[in-house]
Amino acid sequence: MTLPNVSGAVSAWGGVIDFVLVGKRQVDFKTVEALYQRTTYGTRQPLSAQAVAIKPEGQRAWRWEVLHIAPPAPFGLDDIVIFDEVRYRVMSKKDYSKFGYLAYEIAQDYQK
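Quick caveat: nothing in here was measured; it's all calculated off a predicted structure. (Residues numbered from 1 in each chain as written. Predicted model: local features only at pLDDT ≥ 70, side-chain atom pairs only at ≥ 80, totals over all residues. Heavy atoms only, no water.)

### Comments concerning the overall build of the protein
And then number 1: From N to C terminus, the protein includes two helices and six strands.
And then number 2: Taken from N to C terminus, the helices and strands of the protein fall in the order α-β-β-α-β-β-β-β.
And then number 3: By principal-axis analysis of the C-alpha atoms, the protein measures approximately 50 × 30 × 25 Å.
And then number 4: Here the protein, with 112 residues, has 37% of them falling under the buried criterion.
And then number 5: Relative to all contacts within the protein whose residues are 6 or more apart in sequence, the contacts with residues 24 or more apart total 50%.
And then number 6: In the form shown here, the protein has an accessible surface area of approximately 7300 Å², with 53% of it arising from carbon and sulfur atoms.
And then number 7: Here the protein contributes 14 positive and 12 negative side-chain charges, whose respective centroids are spaced 3 Å apart. (Helix = DSSP H or I, 4+ residues; strand = E, 2+ residues; numbered from the N terminus. Buried < 20%, exposed > 50% of the residue type's maximum accessible area, 1.4 Å probe, protein only. Contact = heavy atoms within 4.5 Å. Areas by Shrake-Rupley, 256 points an atom, 1.4 Å probe, with all protein chains shown as cover. Lys, Arg positive; Asp, Glu negative; His and termini not counted. Charge placed at Lys NZ, Arg CZ, Asp CG, Glu CD.)

### So, the environment of F83
And then number 1: Within the element layout of this structure, F83 appears in strand β4 (residues 80-83).
And then number 2: For F83, a relative accessible area of 2% corresponds to the buried category.
And then number 3: In the structure, F83 is positioned 25 residues away from Q108 in sequence and 10.0 Å away in space, judged by C-alpha atoms.
And then number 4: Once residues within four sequence positions are removed from consideration, F83 is found in contact with I17, D18, F19, R44, L67, Y88 and I106.

### Topic: the packing of aromatic side chains
And then number 1: Counting across every chain of the model gives six aromatic pairs.
And then number 2: Look at F19 and F75: their rings are 5.3 Å apart centre to centre, the planes differ by 85°, and that puts the pair in the edge-to-face class. Here F19 is found in strand β1 (residues 15-27), whereas its partner F75 is found in the loop between β3 (64-69) and β4, with 56 residues between them in sequence.
And then number 3: Here Y96 and Y101 contribute two aromatic rings whose centre-to-centre distance is 5.2 Å and whose plane-to-plane angle is 35°, an arrangement assigned as tilted.
And then number 4: With relative accessibility at 29%, the residue Y96 sits in the partly exposed group.
And then number 5: An aromatic cluster is present here, built from F19, F75, F83, Y88 and Y104 joined pairwise through their rings. (Phe/Tyr/Trp six-rings, centres within 6.5 Å; stacked < 30°, edge-to-face > 60°.)

### Here's the deal with the environment of T2
And then number 1: In this fold, T2 is placed in the segment before α1 (7-13).
And then number 2: When the C-alpha positions of T2 and K98 are compared, they lie 9.6 Å apart, and in sequence the two are 96 residues distant.

### Here we look at the pattern of salt bridges
And then number 1: Tallied over the entire structure, the rule returns eight salt bridges.
And then number 2: Note that E105 is salt-bridged to K55, the shortest N-O span being 2.6 Å. With E105 in strand β6 (residues 101-108) and K55 in the loop between α2 (49-53) and β3, the pair connects residues that are 50 residues apart, well separated along the chain.
And then number 3: Residue R89 pairs with D78 through a salt bridge whose shortest N-O separation is 2.8 Å. Here the residue R89 occupies a position in strand β5 (residues 86-96), and D78 occupies one in the loop between β3 and β4, the gap between them amounting to 11 residues.
And then number 4: Taken together, the shared-partner salt bridges in this structure form one network comprising E33, D78, R87, R89 and D109. (Salt bridge = Lys/Arg side-chain N within 4 Å of Asp/Glu carboxyl O.)

So this is what it looks like as structure tokens:
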């Protein structure tokens, strides 16, 4: 059984999402960050209470969100993205591009 392409529903359900992608590179043995303004289409919502409850105990207090966005993928695992001046780390990616969307779990990044 295959799932239908739900890209139309993602388009109707979501909207334009503006974010900043934090790029990292090595310069003179130091990590340098560069900020890149990006736009994608989809929706952002809090992770469900049930999904948070099954996270390891130390991670349950973190601020978790889910992104459902239209392909192509604007970022990858462990990337840092900034929404509304809050840094998040991409913790998981589920590629449902055959069905018209990608799903990401992001957590607030307390590293910086």
